[in-house]
Amino acid sequence: MESKPPDATAEVTLDVIRYLERLAYLQLSDADRSSLVGDLTKVLSYARSLAGLDLSAYASQTHAMDQANVTRADEVHPSSTLEQALANAPQVASPYLQVPRVLE
Amino acid sequence: MSQEPILSATDLVTRIREGQWTATESTPRHLAIIAQRNSSLNAFVEVWRDEALERAAQLDRKRASGATLGSLFGVPIGIKSNLCVTGHVCSCSSKMLANYRPTYSATVCQRLLDADAILLGRTNMDEYAMGSGTEYSIYGPTRNPHQEVGPNAVSGGYSPGGSSGGSAAAVAGGMVPIALGSDTGGSIRQPAAFCGVYGLKPTYGRVSRFGLVAYASSLDQIGPIATTPDDLELLFQVIEGPDRHDATSLSRETVQQVETKLRHKSVEQLRVGIIREHAEQDLAPTVRRALEETQAYLKSAGATLVEVSLPRQAHAIATYYLIASCEAASNLSRYDGMHFGHRANVPEQNATLEQVIAASRGEGFGAEVKRRIMLGTYALSHGYAEQYYQQATRMRQAIRLDFATAFANVDVLLGPTTPGPAFPIGAHRQDPIAMYLTDQFTVSANLAGLPAISVPIELGKLQSNESRLPVAVQFHAPPCGESRLFSVAKALHERNQTAKLGAVA
Amino acid sequence: MSDTTPSALSVQTIIGLEVHVQLATQSKLFCGCSTRYGQPPNTQTCPICQGLPGTLPVINQHAIELAIDVGLALDMELVSGCRWDRKHYFYPDLPKGYQTSQYDLPITRNGRLEFRDPANAATLLSVRINRAHLEEDAGKSLHGEGVDGGTWIDLNRTGTPLLEIVTEPDLRSAQDGKAFLQQLRTILLYIGVSDCNMQEGSMRIDANVNLRIDDGAQSIATPIVEIKNLNSFRNVERAIEFERDRQWQHWQATGEKLGQRPKQTRGWDADREVTTVQREKEEAADYRYFPCPDLPPVVLSAEQIAARRAKLPRLPQQWKADLISVWKLSDYDASVIVEQGRDVAEYFETVAQVSQDGKRSANWLTQEIMRLLNEQQRPISEFPISAQQMGELVAAVATNELDHARAREIFSLWLEQSLTLAEAKQRLGIAAISSDEVEQLVAEIVAQHQAAIDDYRQGKKQALGPLIAQAKKLNPNVSPAKFREALLRAVDGQ
């Protein structure tokens, strides 16, 4: 298990890539990894222009619009049929979806 | 009829409604054009031929029965491959979803059907809408119907832009009069500009996102692509409106309130702000000319032109790529090969669940998608979220306030849609940053939730060494100001018609 | 443990609880699927809770209302602009790859709950509630069922609304933990926000446990262990006790302190009565929380909160106070009734209102009805005698219309058959008798038992007892009290 890189301004190394790969459950090839070191370095050097700015005057805008309280009434609507529910599953043991063995 | 030119959606609806044509006559014409041109353009990745013909016959029966006819009656339409239609593959051009068939339809697709449109098929796109060239696709790249002529021509053809390049190319190539795209950072406007057609990114929340496979939820909007502003508006009117399945869709009351405040203005009454930071950028000569000719036209039409500043524009691209990648990394967590989509075949007896999930995602996603998942995971992970994601969301607010300040003084903002015309296919494959920069003028509208339109500009007489590829300008309006954008676009459309006849110097 | 603790050391168990409560909504938190328990697998899902691409969540208004109710009941601060966050982790029972929850702005926070000290009924203990936040439940995994030992997934439960109530680490023993949970459950049941059915998983508990060891010079904390998914109060109690002992032994063996190893997650094996390691949280704890862009925040207005407050059912403490002040019950009787739950308290209140006799109503309820219900393991909702009928019966006893023995005969009959009081009396031959009839009976008895009367007159007051029994034998409908009154009048008056 790779340890966390020391800080956000540190270089993007293969270790950082492996750490992220693990976090994102994303298997990469060696070629992917080495090109990602370069790509992420470039993108982050671009993104770091933001890191140094004092933006404390601005509220964090996580949504496009200032909406609130959009809710629905507590009403039951018809569910999918079992057939629909299993239609796209890669593996089925009707009436269940089947997934590989979970090893803890 | 087969000698008739391809009609706009507006004209087509009129002809069919008036009984001059039938849907059964017109639909095969479009299918024939697709059959003829798609092998080179690769705009459609699937054509729903039989279903379209059956529906056309059904619509003709409906007309014969005297029933009320929908506003897109008999109009064939292309659907971007990230919009769900029950029973049809919705692949997002990804191996991950190559065989995925949704069991429900997107609200917009249902609205098209309710308006009596004919869904002709699905169009190519960049995988999960991440890209600006419609090249990152399991179906291969789409080609721009436009080419340079003479010595400037490239053999591989030009990119239609992306990610809605299939829809833009399908419209520009005469396959369908209108198509739906989605726009997260310019994915409707940039391909519309590259392909010489009109494209609108609506105000965030005006069009329901229910059934649009999410890339970056706070930025994504579905919008129309068309050959005329009238068609653009017609399609927009059908798809817009509140949806109880989308908590971020704007209520009718909100839209009406804002629209009332934005008084309707004719072009001569408009105050047009020229975005200094966009105009100052390094622009291709024909793009610069498009901007100048648009300004000259608007001035001659009586509009007031003022220079305005959006001081934080230099940060827009970084802000956009951070927010979009964070949301993408989150949205794409659902593709684990467990419930739907691609599952890797990991042969080892003792493969852990984690290995199967990681392998499924590793095999299912292409390079650009992986890049953004990695960037988003980095920017959201513990310890970095404050420096990256949080800073980006604050900058987003600053950018939004810049626009609000500008709109206190002007009615619409004018600038280029893209720095240059279409690039040759494959030009940016080695340099993602260069690709990201083609979005530099479009991402701000998504960050601020504003409506923005790309309007193709017919240039006056071109020098022999000048590019023949289409160019466009972009207008931004305040939230819910789509009608202002349509009226400016209609005026420029008239100007374009005149320009085509050589009447503009 | 105490026998292995050197007297110089003081050892405290530090416990904080996370209680997941399924809210009593009809539909799920973000979609219209039913939350009904026990339906066939994968028949209560839709594209939204299946996590299909392109679907979007919309919040169930009632889940927010129920969360407000809990906030009000636990004296918590209601957070006006609460937010929705995504908590990312991969697991096959979590189809979106993230759980929609509330991270830094939960709907309600900073409350407290008082409960009776199990070691000393006269004292109240108080636990601070850190927060209560809304979140969606995951689906169910059935491990090792499939071919090659694969896992089966049922997504019916996915998206069911949960309220996670998190305490501060204020509890100091397994017994306190259990008592706290019982009181919490009672409150939640009274305000009707959940059925708290633990067999069906409507209430699940995670316990965070460590030790604070003080040798007089310094205080040492052992690493915190989280015991996951405890599904009964007994398991909570047993698991905490086990963990306390295990940590003590582990500390003695290793001296390991808080901070020297990552937080460990353990599970409770109820068969073996041990906790076992599930995982050590390392980088996996990086859930990459971020605000859900699909869900606008919820802004609670003062009016909305006031409206919920006005509708909030009486809390158990209020019920108890009312039973004591209105119906003059003892503290003990009031507690016994209130702790049985709202249905029982409401039953009592109706009986007392109809009979206008609180004490008798309480006796009938606690001694007769609850004994039967306990024997049969049935809730009061299934008890055959309505509160109204019961009230009439108690009233008849209170007004001396019936004696206790006859009332019990009617009670027994009612358990078998649905009859009115008049019908039951007729069936049992219970008829009201006139005062003339009583006088006649007195004359008869006096004539037949002159010796006993003489004994009475000579001061043997108890000599009249058998005469009353004799009279009951002659006429079962006679009220012993009325007969005794008439008899005394006759005997003393002579």
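Residues numbered from 1 in each chain as written. Chains lettered and ligands numbered in written order. Predicted model: local features only at pLDDT ≥ 70, side-chain atom pairs only at ≥ 80, totals over all residues. Heavy atoms only, no water.

Moving on, we come to the overall build of chain C. For chain C, the count of helices and strands is 15 helices and 18 strands. Its C-alpha radius of gyration of 31 Å places chain C more than 25% over the 23 Å reference for a compact globule of 494 residues. By its C-alpha atoms, chain C is 100 × 60 × 55 Å across when sized along the principal axes. Expressed as a percentage of its 494 residues, the buried residues of chain C come to 54%. Across chain C, every contact between residues at least 6 apart in sequence was considered, and the portion connecting residues at least 24 apart equals 67%. For chain C, the accessible area works out to roughly 21,500 Å², and carbon and sulfur atoms hold 47% of it. Both charge centroids of chain C, one from 54 positive and one from 66 negative side chains, sit 1 Å from each other. (Helix = DSSP H or I, 4+ residues; strand = E, 2+ residues; numbered from the N terminus. Rg over C-alpha atoms; globule rule 2.2 N^0.38 Å. Buried < 20%, exposed > 50% of the residue type's maximum accessible area, 1.4 Å probe, protein only. Contact = heavy atoms within 4.5 Å. Areas by Shrake-Rupley, 256 points an atom, 1.4 Å probe, with all protein chains shown as cover. Lys, Arg positive; Asp, Glu negative; His and termini not counted. Charge placed at Lys NZ, Arg CZ, Asp CG, Glu CD.)

Across its full length, chain B holds 17 helices and eleven strands. At 22 Å, chain B has a C-alpha radius of gyration in line with the 23 Å of a compact globule built from 505 residues. Reported as C-alpha extents along the three principal axes, the dimensions of chain B are approximately 75 × 60 × 55 Å. Taking all contacts inside chain B whose residues are at least 6 apart in sequence as the whole, residues at least 24 apart take part in 78%. Carbon and sulfur atoms provide 49% of the accessible area of chain B, an area that totals close to 16,100 Å². Charged side chains in chain B number 46 positive and 47 negative. The centres of these two groups are separated by 1 Å.

This part covers the nonpolar core. The tendency in soluble globular proteins is for nonpolar side chains to be buried as a group. Counting residues in hydrophobic clusters, the biggest one holds 85 residues, and the most contacted among them are Tyr128, Tyr335, Phe365 and Leu413 of chain B. Of all the secondary structure elements, the ones that give two or more residues to this core are helix H1 (14–23) and helix H2 (30–51) of chain A together with strand E8 (304–308), helix H11 (316–331), helix H13 (367–380), helix H14 (386–407), helix H15 (432–437) and helix H16 (443–448) of chain B. No other element matches H11 of chain B, which puts ten residues into this core. Other than its neighbours up to four places away in sequence, tyrosine 128 of chain B contacts Cys92, Ser94, Met96, Leu97, Val213, Tyr215, Leu332, Tyr335, Phe365 and Val369 of chain B. One finds Ile64, Met76, Ile165 and Ile205 of chain C within the second-largest nonpolar core, a separate group that totals 62 residues. (Core = buried A, V, L, I, M, F, W, Y, C linked by side-chain atoms within 4.5 Å.)

This part takes up the interface of chain A and chain C. Taken together, the contact between chain A and chain C spans 36 residues of the former and 52 residues of the latter. The junction of chain A with chain C conceals about 3,500 Å² of combined surface from both sides, 57% of it contributed by carbon and sulfur atoms. The largest share of the area that chain A buries against chain C comes from Arg72, Asp74 and Tyr96 of chain A, three residues that together contribute 20% of it. If you look at where chain A meets chain C, you find zero salt bridges. Listing elements by their share of the side of chain A that touches chain C, those giving two or more residues are H1, strand E1 (71–72), helix H3 (82–86) and strand E3 (96–99) of chain A. (Buried area = accessible area lost by both parts, 1.4 Å probe. Salt bridge = Lys/Arg side-chain N within 4 Å of Asp/Glu carboxyl O.)

This brings us to the environment of arginine 238 of chain C. Residue and element names in this part refer to chain C. Counting through the fold element by element, arginine 238 comes out in helix H3 (residues 233–254). The spatial distance from the C-alpha of arginine 238 to the C-alpha of valine 274 is 8.7 Å, given a sequence separation of 36 residues. In this structure arginine 238 touches Trp268 and Glu273, once residues within four positions along its chain are discounted. Among the polar contacts made by the side chain of arginine 238, one reaches the side chain of glutamate 273 at a distance of 2.4 Å. (Polar contact = N/O pair within 3.5 Å; in protein donor to acceptor, adjacent residues only side chain to side chain.)

Below, the discussion takes up the interface of chain A and chain B. If you look at the interface, chain A gives 56 residues, while chain B gives 71 residues. Overall, the association of chain A and chain B removes approximately 5,500 Å² of surface from exposure, summing both partners, and the carbon and sulfur fraction of that is 64%. Linking chain A with chain B are four salt bridges. Arginine 400 of chain B is the salt-bridge partner of aspartate 66 of chain A, the closest N and O atoms lying 2.9 Å from each other. Listed by contribution, the elements that provide at least two residues to the side of chain A that touches chain B are H1, H2 and E3 of chain A. Ranked by residues supplied to the side of chain A that touches chain B, first place goes to H2 of chain A with 13 residues. Residue composition of the side of chain A that touches chain B, grouped by class: 33 nonpolar, 13 polar and ten charged. (Nonpolar A, V, L, I, M, F, W, Y, C, P; charged D, E, K, R; others polar.)

Enumeration according to the criterion identifies 27 aromatic pairs over all chains in this entry. Where tyrosine 104 of chain B meets phenylalanine 210 of chain B, the ring centres are 5.2 Å apart and the plane angle is 50°; that geometry is what we call tilted. Of this pair, tyrosine 104 of chain B sits in the loop between strand E2 (76–80) and helix H4 (107–114) while phenylalanine 210 of chain B sits in the loop between strand E5 (198–201) and strand E6 (221–226), and the two are 106 residues apart along the sequence. Neither residue differs from the other here; tyrosine 104 of chain B and phenylalanine 210 of chain B are each classed as buried. Ring geometry for tryptophan 364 of chain C versus phenylalanine 411 of chain C: centroids 5.4 Å apart, planes at 55°, classification tilted. With tryptophan 364 of chain C in helix H8 (residues 358–376) and phenylalanine 411 of chain C in helix H10 (residues 404–416), the pair connects residues that are 47 residues apart, well separated along the chain. Between arginine 15 of chain B and the ring centre of tryptophan 21 of chain B, over which it is positioned, the NZ or CZ distance is 5.2 Å. Directly above the ring of tryptophan 319 of chain C sits arginine 314 of chain C, whose terminal nitrogen or CZ lies 3.8 Å from the centroid. (Phe/Tyr/Trp six-rings, centres within 6.5 Å; stacked < 30°, edge-to-face > 60°. Lys NZ or Arg CZ within 6 Å of the ring centre and 35° of its normal.)

With that settled, the discussion passes to the confidence of the model for chain C. Parts of the model with low pLDDT should not have their predicted coordinates read in detail. Here chain C averages 91 in pLDDT, while 97% of its residues score no lower than 70. The complex prediction reports pTM at 0.91, with the ipTM value standing at 0.96. (pLDDT = per-residue confidence, 0-100.)

Quick look at unusual backbone geometry now. With omega at 5°, the peptide bond leading from serine 94 of chain A into proline 95 of chain A counts as cis. Locating proline 95 of chain A in the fold gives a position in the loop between strand E2 (92–93) and E3. Along the chain, glycine 162 of chain B connects to serine 163 of chain B via a cis peptide bond; the corresponding omega equals 10°. Look at cysteine 480 of chain B: it is not a glycine, yet its phi comes out positive at around 65°. The topology assignment puts cysteine 480 of chain B in the loop between strand E11 (472–476) and helix H17 (482–500).

Attention now goes to the pairing of E5 of chain B. Residues and elements named next belong to chain B. Burial along E5 is two-sided: the residues Tyr198 and Leu200 and Gly199 and Lys201 are all buried. Two strands pair when backbone bridges link them, and E5 and E6 are joined in this way by two bridges, in the antiparallel orientation. Bridging across to E6, tyrosine 198 finds its partner in alanine 226. Two strands pair when backbone bridges link them, and E5 and strand E10 (residues 452–456) are joined in this way by three bridges, in the antiparallel orientation. Note that in E10 the partner of lysine 201 across the bridge is alanine 452. (Pairing = 2+ DSSP bridges.)

What follows is about the domain arrangement of chain C. The domain architecture assigned to chain C consists of domain 1 (2–303), domain 2 (314–427) and domain 3 (436–493). If you average the C-alpha positions of domain 2 of chain C and of domain 3 of chain C, the two centres end up 33 Å apart. (Domains from an automatic or database assignment.)

A few words now on the sheet that holds strand E10 (residues 151–154) of chain C. Judged by pairing direction, the sheet is antiparallel, and its four strands sit side by side in the order E2(A)-E3(A)-E10(C)-E9(C) without closing on themselves. Both edges of this open sheet fall to E2 of chain A together with strand E9 (140–142) of chain C, since each of them pairs with a single strand only. In the sheet, E3 of chain A pairs with E10 of chain C via three bridges, with the strands oriented antiparallel. Of the residues in E10 of chain C, the one forming a bridge with glutamine 98 of chain A is tryptophan 152 of chain C.

A word on the sheet that holds strand E4 (residues 178–183) of chain B. All names here are of chain B. Across the sheet, eleven strands lie side by side as E1-E3-E2-E4-E6-E5-E10-E11-E9-E7-E8; this open sheet has mixed pairing. Unpaired on one side and paired on the other, strand E1 (44–47) and E8 mark the two borders of the sheet. Averaged over all pairs of adjacent strands, the angle between their axes in this sheet comes to 25°, without regard to strand direction. Of the strand pairs in this sheet, E4 and E6 are connected by six bridges, and their pairing is antiparallel. Bridging across to E6, isoleucine 178 finds its partner in alanine 226. Packed onto the sheet, helix H10 (residues 285–300) meets strand E7 (271–275), E8, strand E9 (412–416) and E11 and runs at close to 150° relative to E9. (Axes fitted to C-alpha atoms, helices over the stretch in contact; angles between N-to-C directions.)

Counting across every chain of the model gives 65 salt bridges over all chains. For aspartate 269 of chain C, the salt bridge goes to arginine 272 of chain C, with nearest N and O atoms at 3.2 Å. Overall, arginine 272 of chain C belongs to the exposed group, its relative accessible area being 55%. Taking the shortest distance from any N to any O, the salt bridge between glutamate 368 of chain C and arginine 371 of chain C comes out at 3.6 Å. One end of the pair, glutamate 368 of chain C, and the other, arginine 371 of chain C, are both in helix H8, three residues apart, so they sit about a helical turn from each other. Looking at arginine 371 of chain C, the relative accessible area reads 38%, which means it is partly exposed. Among the charged side chains, a network of salt bridges with common partners joins Arg206, Glu240, Arg252, Glu259 and Glu482 of chain B.

Residue and element names in this part refer to chain C. The interhelical angle for the contact between helix H13 (residues 450–457) and helix H15 (residues 480–493), taken along N-to-C directions, is 75°, at an axis separation of 11 Å. Accordingly, the angle class assigned to the pair H13 and H15 is roughly perpendicular. For the pair formed by H13 and H15, the contact residues are Ile453, Tyr456 and Arg457 on the first element and Leu488, Ala490, Val491 and Asp492 on the second. The residue inventory of the contact of H13 with H15, partitioned by class, reads five nonpolar, no polar and two charged. (Parallel < 35°, antiparallel > 145°, perpendicular 65-115°, else oblique.)

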